[in-house]
Amino acid sequence: MSGNKILELKNINKSFGSRKIIQDLNLELDKGDILSIIGPSGAGKTTLLRMIAGLETADSGHFYHDGQEFDPTDRSKHVVGMVFQDFNLFPNLTVMDNITLAPVNVKGLSKKDAEVAAQRIIDELDLNEVVNLYPYQLSGGQKQRVAIARALEMQPAILCYDEPTSALDPELVGKVKEIFFKLKQNGITQIVITHDHQFGKEVADKILEVSKFKGEQ
Amino acid sequence: MINYIISILPSLFSGAWLTLEIFFWTTVLAIPLGIVVALGLLSKIKPLEVILRFYIWIMRGTPLLLQLIFIFYGLPTIGIVFPRYESALIAFVINYAAYFAEIFRGGLQAIPKGQVEAGQVLGLSSWQRFHRIIQPQLFKIVLPSIGNELINLVKDSSLVYVIGLWDLLRAGNVATARDVSLVPLVLVGILYLVLTGLLTYILGVVEKKYNVWK
């Protein structure tokens, strides 16, 4: 639907006990936008991302996807994918199985179909050489690309990254940027929280500075 | 000598068979029960946690021998009667499940929470997360400790002599008393070593299988 925002947050509030983490936050993203959320530690960046990914619930407020209100904890529509800071790859599964686990178990694809479907993203993220390896055999950059591939195989409209550059060598940051722009071209909306202001500003279309207790766009 | 050994072997083997039966059923029943108890301990449901803690305290804090005697000789005094074999199984299963539960609880706590969250975001159901992500990692973590307990179990099974079951040790003991010979007890020792040796080998193979990933 044209004109509808891919993601809209209205009046989001979140407290832990008496500590207000996020207060009346509003946010709008279009398809293909890249949003950087920057701000000091403890400002609620991670909490906000986790709420969008449905890993925390907001105390109040509304989430909209494509003009329709949605509950991020309801995974049936696969609106949001997530790339964790330490990737959280499943150590007991090969790269291919990490990527195809959800398509097989959640979407009901056969293993073979899931592998065929995964090939495009495996090519795109340059993972062909590692598909049969286990996560412990991968470098940091490879782990991150597997985590991205794993999330993308569920075709989320929005992909969230928690500190995508923190576990990487500086020379790999450029590669991450390339991936961001490639996914943007594919129409994926991306939200990234980062301590790295320069990286955050270079990739972003929009920047959300989260100061203590309050988000201002 | 050889003839004597051959003459007592059938009785020792029948005792060893009972030992194996108790080992098998205790393993098959107490491991799943231990996982369920461990999940209960971590469920954050306070009353359930209190009950399970109490159960584990009793099971680990009193001798297995007492538990066997309690179930077979004690419970009938209040009208609850189990046959010998069933009494032994009940005692072994609830006793070992308590130890397994503590091992599994530690194992579950060692798995990073992020593993579960990654599964959640991907849309995996809680059963799929447990079955495909948690359980393989859990087994790898607990395997050495569970292996220790299983080797103990082979030897602990000899306690069933106290309620009159014909296990390996009892078979040897009876033959030694009857024939005034050390040979049956030596054979019993050898049979236990074979059983625990075999078990150690199998555990090693399983452990190796889990070693392909870290």
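An unreviewed UniProt entry lists chain B under the name Amino acid ABC transporter permease protein, with Lactobacillus rodentium given as the organism. Note on chain B: under the UniProt heading Subcellular location (unreviewed entry), the record states "Cell membrane".

Within an unreviewed UniProt entry, the label attached to chain A reads Amino acid ABC transporter ATP-binding protein, and the organism entered is Lactobacillus rodentium.

This part covers the overall build of chain A. Check the secondary structure of chain A and you find 6 helices and 10 strands. Relative to its length of 217 residues, chain A is compact, with a C-alpha radius of gyration of 17 Å against a globular reference of 17 Å. Across its three principal directions, the C-alpha atoms of chain A cover 45 × 35 × 35 Å. Expressed as a percentage of the 217 residues in chain A, the buried residues total 53%. Across chain A, every contact between residues at least 6 apart in sequence was considered, and the portion connecting residues at least 24 apart equals 69%. Accessible surface computed for chain A: about 9,500 Å², of which carbon and sulfur atoms make up 46%. Here chain A carries 25 positive and 30 negative side-chain charges, and the mean point of each set is 2 Å from the other.

Turning to the environment of Gln 85 of chain A, a few remarks are in order. All names here are of chain A. Looking at where Gln 85 falls in the secondary structure, it is placed in the loop between strand E6 (80-83) and helix H2 (95-105). Through-space distance from the C-alpha of Gln 85 to that of Ala 167 is 7.4 Å; in sequence the pair is 82 residues apart. If sequence neighbours within four positions are ignored, Gln 85 has contacts with Asp 162, Glu 163, Ser 166 and Ala 167.

A word on the environment of Lys 214 of chain B. Within the fold, Lys 214 of chain B resides in the segment after helix H8 (183-210). Along the chain, Lys 214 of chain B and Lys 140 of chain B lie 74 residues apart, while their C-alpha atoms are 9.0 Å from each other. With near-sequence residues (within four places) excluded, Lys 214 of chain B lies in contact with Pro 91 and Tyr 136 of chain A together with Lys 140 of chain B.

Take the pairing of strand E4 (residues 60-65) of chain A next. Residues and elements named next belong to chain A. Relative to E4, strand E1 (residues 7-16) runs antiparallel, the two sharing 4 bridges. The partner of Asn 13 across the bridge, within E4, is Ser 60. Across 2 bridges, the pairing between E4 and strand E5 (residues 68-69) is antiparallel. Across the sheet, residue His 65 finds its bridge partner in E5, namely Gln 68. Taken together, E4 and the strand that follows it, E5, pair antiparallel across an intervening segment of 2 residues, in which Asp 66 is found at a positive phi of about 55°.

Where two aromatic rings form a pair, the distance of their centres and the angle of their planes describe that pair. Residue and element names in this part refer to chain B. Evaluated as defined, the whole model comprises 12 aromatic pairs over all chains. A ring pair is formed by Phe 54 and Trp 57, whose centres lie 5.9 Å apart and whose planes are at 45°; its orientation type is tilted. Of the two residues, Phe 54 and Trp 57 both sit in helix H2 (residues 46-61), 3 residues apart, roughly one turn of that helix. Ring pairing ties together the aromatic residues Phe 92, Tyr 96, Tyr 99 and Phe 100, which thus form one cluster. Residue placement shows Lys 140 over the ring face of Trp 213; its charged tip is 4.8 Å from the ring centre. One Lys or Arg, Lys 209, reaches over the ring of Tyr 210 and ends 5.2 Å from the middle of that ring.

Reading the values: rules and limits
- Residue indices follow the written sequence of each chain, beginning from 1 at its first position.
- Chains and ligands are labelled sequentially in the order written, the chains with letters from A and the ligands with numbers from 1.
- Per-residue local features of the predicted model are confined to residues with pLDDT of at least 70, and side-chain atom pairs are confined, for both listing and counting, to 80 or more; whole-chain, interface and lining totals are unaffected and use all residues.
- Side-chain descriptors were evaluated using all non-hydrogen atoms of the structure, hydrogens and water having been removed beforehand.
- UniProt positions are given in the numbering used here, feature names are shortened, and annotations may be inferred rather than shown by experiment.
- Think of it this way: any DSSP run of H or I at least four residues long counts as a helix, any run of E at least two long counts as a strand, and we number them from the N terminus.
- Taken over C-alpha atoms, the radius of gyration is set against a globule rule of 2.2 Å times the number of residues to the power 0.38.
- Three exposure classes are used, based on accessible area relative to the maximum for each residue type with a 1.4 Å probe and protein chains only: buried under 20%, partly exposed in between, and exposed over 50%.
- Here, residues are in contact when the closest pair of their heavy atoms is within 4.5 Å.
- Exposure was quantified through the Shrake-Rupley algorithm and a 1.4 Å probe, taking into account, for residues, occlusion by the shown protein chains and nothing else.
- The convention is simple: Lys and Arg are positive, Asp and Glu are negative, and His and the chain ends are not counted.
- One atom stands in for each charge, and that atom is NZ of Lys, CZ of Arg, CG of Asp or CD of Glu.
- In this description, strands pair whenever DSSP reports at least two bridges between them.
- For Phe, Tyr and Trp, where Trp contributes only its six-membered ring, two rings pair if their centres lie within 6.5 Å, and the inter-plane angle classes them as stacked under 30 degrees, edge-to-face over 60, or tilted in between.
- We call a charge positioned above a ring when the Lys NZ or Arg CZ atom is no farther than 6 Å from the ring centre and deviates by at most 35 degrees from the ring normal.

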